[in-house]
Amino acid sequence: MYNEKLFSLLTDVLREKVESILKELKREIDRESSKGTIRYIAPYDLLLTMVSLNIFIL
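Parameters and conventions
- Residues numbered from 1 in each chain as written.
- Predicted model: local features only at pLDDT ≥ 70, side-chain atom pairs only at ≥ 80, totals over all residues.
- Heavy atoms only, no water.
- Helix = DSSP H or I, 4+ residues; strand = E, 2+ residues; numbered from the N terminus.
- Rg over C-alpha atoms; globule rule 2.2 N^0.38 Å.
- Buried < 20%, exposed > 50% of the residue type's maximum accessible area, 1.4 Å probe, protein only.
- Areas by Shrake-Rupley, 256 points an atom, 1.4 Å probe, with all protein chains shown as cover.
- Lys, Arg positive; Asp, Glu negative; His and termini not counted.
- Charge placed at Lys NZ, Arg CZ, Asp CG, Glu CD.
- Salt bridge = Lys/Arg side-chain N within 4 Å of Asp/Glu carboxyl O.

Q: Which parts of the structure should I look at to understand the overall build of the protein?
A: Helix and strand counts for the protein stand at 2 helices and 0 strands. Computed over its C-alpha atoms, the radius of gyration of the protein comes to 16 Å, more than 25% above the 10 Å expected for a compact globule of 58 residues. Counting only C-alpha atoms, the protein reaches 50 × 30 × 10 Å along its principal axes. The 58 residues of the protein split such that 5% are buried. With an accessible surface of roughly 5400 Å², the protein has 64% of that area assigned to carbon and sulfur atoms. Taking the average location of the 9 positive side-chain charges in the protein and that of its 9 negative ones, the two points are 3 Å from each other.

So this is what it looks like as structure tokens:
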């Protein structure tokens, strides 16, 4: 029972952090893509690519 509550709390906190990071990343991507500095990429795709590259480099 205790572990389920802790797991639920942990997933809620992590979800909030990830959503916050993705929102800020989206704002930066939108700003830079509107200037023509970069091409648009979905924030989730960019984050997944960054994590994947780091995992396979190790």
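Q: How do you make sense of the pattern of salt bridges when you look at a structure like this?
A: Pairs can form between side chains of opposite charge whenever their charged atoms are close. One pass over the full model with this rule turns up 4 salt bridges. Between Asp 30 and Lys 26 there is a salt bridge whose closest N-O contact spans 2.9 Å. Pair noted here: Asp 30 and Lys 26 are both in helix H1 (residues 2-35), with a separation of 4 residues, about one helical turn. Put simply, Glu 32 and Lys 35 hold a salt bridge, and the shortest N to O gap is 3.2 Å.

Q: Before we go on, may I ask you to explain the environment of Leu 47 in this structure?
A: For Leu 47, the location among the structural elements is in helix H2 (residues 43-57). Along the sequence, Leu 47 and Leu 22 sit 25 residues apart, while their C-alpha atoms lie 8.2 Å from each other.

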